[in-house]
Amino acid sequence: MLYDNLGINDQGHLTVGGLDTVRLAEKFGAPLYVLDEDRVRENCRTYVQAMAQYLPEHSMPLFAGKALCFKGLYPVLEEEGMGADVVSPGEIYTALAGGFPADKLYFHGNNKTDEDIAYALDNGVGCFIVDNHQELEALDRAAAQRGKRQRVLLRVTPGIDPHTLQAINTGRIDCQFGVPIETGQAARFVAAALTMEHLEVEGFHSHIGSQIFEAEPFCDAVDILLDFAQGLRQDLGFVARTFNLGGGFGVRYRDSDPVVDIPANIQALADHLTQGCLAKGYPLPRILLEPGRSIVADAGLTLYRVGGEKTIEGYRSYLTVNGGMTDNPRYALYQSPYTVLPANRMQEPRDFVCTIAGRCCESGDLIQENISLPHLGRDDLIAVLTTGAYNFTMASNYNRLCRPALVMVRQGKARLAVRRQTFADLVACDL
Ligand SMILES: *Cc1c(COP(=O)(O)O)cnc(C)c1O
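Let me begin by describing the structure that accompanies this report.

Conventions we followed
Residues numbered from 1 in each chain as written. Predicted model: local features only at pLDDT ≥ 70, side-chain atom pairs only at ≥ 80, totals over all residues. Heavy atoms only, no water. Salt bridge = Lys/Arg side-chain N within 4 Å of Asp/Glu carboxyl O. Helix = DSSP H or I, 4+ residues; strand = E, 2+ residues; numbered from the N terminus. Buried < 20%, exposed > 50% of the residue type's maximum accessible area, 1.4 Å probe, protein only. Core = buried A, V, L, I, M, F, W, Y, C linked by side-chain atoms within 4.5 Å. Contact = heavy atoms within 4.5 Å. Pairing = 2+ DSSP bridges. Phe/Tyr/Trp six-rings, centres within 6.5 Å; stacked < 30°, edge-to-face > 60°. Lys NZ or Arg CZ within 6 Å of the ring centre and 35° of its normal.

Notes on the pattern of salt bridges
Pairing is possible between side chains that carry opposite charge, provided their charged atoms lie close to one another.
Logical step 1: Applying the stated criterion to the full structure yields 23 salt bridges.
Logical step 2: For the salt bridge of Asp4 with Arg39, the shortest nitrogen-to-oxygen distance reads 2.9 Å. Highlighted residues: Asp4 in the segment before strand 1 (6–8) and Arg39 in helix 2 (residues 37–54), separated in sequence by 35 residues.
Logical step 3: The class for Arg39 is buried, based on a relative accessible area of 11%.
Logical step 4: Among the salt bridges present, the one from Arg241 reaches Glu200, with a minimum N-O distance of 3.4 Å. Separated by 41 residues along the polypeptide, Arg241 in the loop between helix 8 (216–236) and strand 12 (242–244) and Glu200 in strand 11 (residues 199–205) bring together distant segments of the chain.
Logical step 5: Judged by relative accessible area, which is 26%, Glu200 ranks as partly exposed.
Logical step 6: A single network of salt bridges, built from pairs that share partners, joins Glu37, Asp38, Arg41, Arg45, Glu79, Glu80, Arg410 and Arg415.

Here it is as structure tokens:
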């Protein structure tokens, strides 16, 4: 099994967190998002403990809400000592509705509107991660109107390619997020920020990409940020107290993917930072990390009912399921790999190679290709693993399909955290 929270019971059913997935689908319906809360908590603790142990004081992980965002997640994050990243007023609203403290929110986004800025300021968001010069001016103005001094980090691009997919790689120079260091623009960006009376510049943010399996690209980012920071200290007398290195540690979608040892990576990063600061005589900054995927991806799975098999003779066989790109668009978007299991027939030989097709009116609506399963029929159940990140948050109502429910599993009990949409929900905004 891909993860140790999965099992097979004596009926040959897949279990998650000790619960029978077949019973979960009977009770809550399918498609169904299942999130193992114990595993989310474990993943949070891994970061919180390793960062406290190895990194400078006040270092902290921030959960990236774009990976998964619903009210019931936020009390879990808070209890586990996480901060949180938000990228829109909608995410701010959700976090606050879930009781999360505003001062532990970090507000991202490359195009925050005046309304977004006002909303975040009026709700006491702790820190803005400012993406560009226009935002700097708009935020300074809005903070001045409110007689506030707002904490900010400045987003810079270190120009690193961590050798991941283009579509999810944001550390390169040529991208729409942040201000590049290499062209000299980032230094001018910082200089401008320091002149603004209503902003308190804490330090820098950089995010180099996703699905990164080792510490090295983060160490490279630290080197570049330290050089940059040292230059600014000499030129402007400004000392950065915080480096936010973004998210991006990878997770295992398949058995063939490597296992990431997060504490070992954080230790390696800490050693590298300490040496770099020592060599330059630079005061140790606190470190923020923004894990999204590596907190929730492996805690989630999706259950689907099978519709049937369809074989195109001489070509391939399809297995249709009662969801698709509406609840998981990631294969359609960038061919993301997944492990698929026959949830109610785990002990049968997997000798049927098929493509899992969703129910949407798009030939690209596939969940995965070339999967080995037993021959399955109507009402069998399949589980797609590692769907805890970027599934729920990327879901749509295409074809007017209702979004699935989300169930949280904790200590052998399941509770509904997000109910399934109804047809009434589908027309709720229609006038
Ligand atoms: C996407 C993103 C994250 C989270 O990335 P993961 O790969 O899910 O860990 C964190 N910070 C920023 C700025 C991002 O864009």
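Picking up after the structure, the text goes on.
Structural notes on the nonpolar core
Logical step 1: In this structure, Leu154, Phe204, Ile356 and Ile382 are the most contacted members of the largest nonpolar core, which totals 105 residues.
Logical step 2: Dropping the residues within four chain positions of it, Ile382 is found in contact with Thr302, Leu303, Tyr304, Val306, Leu319, Val321, Val340, Leu341, Ala343, Ile356, Leu373 and Leu376.
Logical step 3: In this structure, Met346, Leu381, Ala383 and Val409 belong to the second largest nonpolar core, which totals 23 residues.

Here we look at the pairing of strand 19 (residues 381–385)
Logical step 1: Within strand 19, five of the five residues are buried, which leaves the element mostly enclosed by the surrounding structure.
Logical step 2: Of the two faces of strand 19, both are covered, the one formed by Leu381, Ala383 and Leu385 as well as the one formed by Ile382 and Val384.
Logical step 3: Here strand 14 (residues 300–312) pairs with strand 19 via five bridges, running antiparallel. Paired with Leu303 across the strands is Ala383, a residue of strand 19.
Logical step 4: Here three bridges tie strand 16 (residues 340–342) to strand 19, and the two strands are oriented antiparallel to one another. From the neighbouring strand, Leu341 faces strand 19, where its bridge partner is Ala383.

What to know about the packing of aromatic side chains
Logical step 1: Counting across every chain of the model gives 10 aromatic pairs.
Logical step 2: Both rings, one in Phe70 and one in Phe392, keep their centres 5.9 Å apart while their planes meet at 70 degrees; by these two values the pair is edge-to-face. Of this pair, Phe70 sits in the loop between strand 5 (60–64) and helix 3 (73–79) while Phe392 sits in the loop between strand 19 and strand 20 (405–410), placing them 322 residues apart in sequence. Residues Phe70 and Phe392 agree in their burial class; the two are buried.
Logical step 3: Relative to Tyr338, the ring of Tyr253 lies with its centre 5.5 Å away and its plane at 90 degrees, an arrangement referred to as edge-to-face. With Tyr253 in the loop between strand 12 and helix 9 (262–280) and Tyr338 in the loop between helix 11 (330–334) and strand 16, this pair connects stretches of sequence that are 85 residues apart.
Logical step 4: Taking relative accessible area as the criterion, Tyr253 reaches 2% and is therefore assigned buried.
Logical step 5: Judged by its relative accessible area of 2%, Tyr338 is buried.
Logical step 6: Above the face of the Phe107 ring, Lys112 is positioned so that its terminal group lies 5.4 Å from the ring centre.

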